[in-house]
Amino acid sequence: MRFNFHIQKRLSSNSRVFDLDVRLNTDSQRIVILGESGSGKSLTLKAIAGLITPDAGHIELGNQTLFNKTKRINQAPQQRHLAYLFQDYALFPHLNVRQNIAFGLVRGWFNPQGKNKDAKVEYWLDAFQLQAVAHQLPHELSGGQKQRTALARALISQPAALLLDEPFAALDPALRIVMRKELDALQRSLKVPMILITHDPDDAEVFGEQVMSMHDGRLYEDPQCENEALVMADVA
Ligand SMILES: Nc1ncnc2c1ncn2[C@@H]1O[C@H](COP(=O)(O)OP(=O)(O)OP(=O)(O)O)[C@@H](O)[C@H]1O
């Protein structure tokens, strides 16, 4: 699955202007974007997910056009079939683990209940060893359990790609190592393409088939990265 995008977006607040101008065209299935705070990583993921609209450019995933300014294409977030895992996991506080995971199957306001849905939820509860805590609320979970619940909720809808915003930042160092391994194994077995943004070089080491670095709204090829798959797009 090819990621091909050129995203341009200007954000202004008071006298400060931030210009995002990122482009990438790659067949790589594990992309890590490494950058300091405020460099534009989250904005990039949000634009891919459809949560912010670029001023110009295009976003293509495989042969699907998610956004194209000149062709006036702008798919709604739910049409894009992407899973976006937020930094703080964004679990619903009033829903237990089972209900949070089931929410991943919800399409808009319409929530069809069916046998199939229950079987899928049970599958992910088993796969992530969450059966024992299935009835617990997010505030009653450990950091790792929260992360697994959020991942299960993201994966249950069989997304075309996984967008991960600092997925290990909230975990203590020991759990971070365990969860990195889990996500690594999971991504390899499901073969779901992913973009992971982080400021932690260890994430890049584990996941970075393709490591990019981000500075001041621009994306650069990491000089240490020897992967040949990346082709920087020359034209929009
Ligand atoms: N709605 C907005 N209006 C104006 N500026 C914004 C807005 N949202 C983000 N910015 C600015 O855009 C820049 C990039 O923000 P972004 O959230 O993408 O950073 P980041 O690289 O993800 O940082 P972090 O690692 O701290 O999450 C920041 O300087 C931020 O202040």
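Procedures and definitions
- Residues numbered from 1 in each chain as written.
- Predicted model: local features only at pLDDT ≥ 70, side-chain atom pairs only at ≥ 80, totals over all residues.
- Helix = DSSP H or I, 4+ residues; strand = E, 2+ residues; numbered from the N terminus.
- Buried ≥ 20, exposed ≤ 12 C-beta atoms within 10 Å, placed from the backbone.
- Contact = placed C-beta atoms within 7 Å.
- Pairing = 2+ DSSP bridges.
- Near = placed C-beta within 6 Å.
- Nonpolar A, V, L, I, M, F, W, Y, C, P; charged D, E, K, R; others polar.
- Axes fitted to C-alpha atoms, helices over the stretch in contact; angles between N-to-C directions.
- Core = buried A, V, L, I, M, F, W, Y, C linked by C-beta atoms within 7 Å.
- Parallel < 35°, antiparallel > 145°, perpendicular 65-115°, else oblique.
- Left-handed = near helix turned anticlockwise from the far one by under 90°.

Labelled according to an unreviewed UniProt entry, the chain appears under the name Sulfate/molybdate ABC transporter ATP-binding protein, originating from Undibacterium danionis.

(A) The overall build of the chain, seen in detail. Scanning the chain from N- to C-terminus turns up 6 helices and 11 strands. Burial status across the chain gives 36% buried among its 236 residues. Considering only contacts in the chain between residues 6 or more positions apart, those separated by 24 or more positions represent 70%.

(B) How the structure looks around the pairing of strand E8 (residues 161–165). Buried residues dominate E8, accounting for 5 of its 5 residues. Burial along E8 is two-sided: Ala161, Leu163 and Asp165 facing one way and Leu162 and Leu164 facing the other are all buried. In the sheet, strand E7 (residues 82–85) pairs with E8 via 4 bridges, with the strands oriented parallel. Within E8, the position partnered with Leu85 by the bridge is Leu164.

(C) Region of interest: the site of the ligand. Close contacts around the ligand come from Leu11, Ser13, Phe18, Gly35, Ser37, Gly38, Ser39, Gly40, Lys41, Ser42, Leu43 and His199, and that covers them all. At the level of secondary structure, the elements contributing two or more residues to the shell around the ligand comprise strand E1 (3–13) and helix H1 (41–49). With 3 residues, the single largest contributor to the shell around the ligand is H1. A per-class count over the shell around the ligand returns 3 nonpolar, 8 polar and 1 charged.

(D) Quick look at the sheet that holds E8. Across the sheet, which stays open at both edges, the 6 strands sit in the order E7-E8-E9-E3-E10-E11 with mixed pairing between neighbours. In this open sheet, the two strands that pair with only one neighbour each are E7 and strand E11 (218–221). Averaged over all pairs of adjacent strands, the angle between their axes in this sheet comes to 20°, without regard to strand direction. For strand E3 (residues 30–35) and strand E10 (residues 210–215), the ladder comprises 5 bridges, and the chain directions are parallel.

(E) Representation of the environment of Leu190 within the structure. Locating Leu190 in the fold gives a position in helix H5 (residues 173–190). Among the residues examined, Leu190 registers 13 C-beta atoms within 10 Å and is labelled partly exposed. Sequence-wise, Leu190 and Leu155 are 35 residues apart; in three dimensions their C-alpha atoms are separated by 9.5 Å.

(F) Looking closely at unusual backbone geometry. Of note, the phi angle at Arg72 is positive, near 55°, even though the residue is not glycine. Among the structural elements, Arg72 can be located in the loop between strand E5 (64–68) and strand E6 (73–74). Owing to 7 C-beta atoms within 10 Å, Arg72 belongs among the exposed residues under this scheme. Phi at Glu166 takes a positive value of approximately 45°, unusual for a residue other than glycine.

(G) Fine view of the nonpolar core. Residues Val32, Ile33, Ala83, Leu85, Leu162, Leu163 and Ile195 are the most contacted members of the largest nonpolar core, which totals 50 residues. Of all the elements, helix H4 (residues 143–155) adds the most residues to this core, at 5 residues. Dropping the residues within four chain positions of it, Ala83 is found in contact with Ala154, Leu155, Ser157, Pro159, Leu162 and Leu163.

(H) Expanded view of the environment of Asn63. For Asn63, the position within the fold is in the loop between strand E4 (56–61) and E5. Using a count of 7 C-beta atoms within 10 Å as the deciding quantity, one classes Asn63 as exposed. When the C-alpha positions of Asn63 and Gln145 are compared, they lie 35 Å apart, and in sequence the two are 82 residues distant.

(I) Up close: the packing of H4 against H5. It is at 10 Å that the axes of H4 and H5 come closest, and there the two elements cross at 30°. Considered as vectors, H4 and H5 are oriented roughly parallel to each other. Judged by the twist between their axes, the crossing of H4 over H5 is right-handed. Contact residues: Gly143, Gly144 and Gln147 in H4; Leu175, Val178 and Met179 in H5.

(J) Quick peek at the environment of Leu45. Looking at where Leu45 falls in the secondary structure, it is placed in helix H1. Sequence separation between Leu45 and Glu205 is 160 residues, and the spatial gap between their C-alpha atoms is 20 Å. With sequence-adjacent residues up to four places away left out, Leu45 is seen in contact with Tyr84, Leu163, Asp165, Ile195 and Ile197.

(K) Examining the sheet that holds E6 more closely. Taken together, 5 strands build an open sheet; the order of strands is E2-E1-E4-E5-E6 and the sheet is antiparallel. Looking at the sheet topology across the chains shown, the edges are occupied by strand E2 (16–26) and E6. One ladder, built from 2 bridges, connects E5 with E6; its direction is antiparallel. For Asn68, the partnering residue across the bridge sits in E6 and is Ile73. Packed on one face of the sheet, H1 meets E1, E2 and E4 and runs near 120° to E1.

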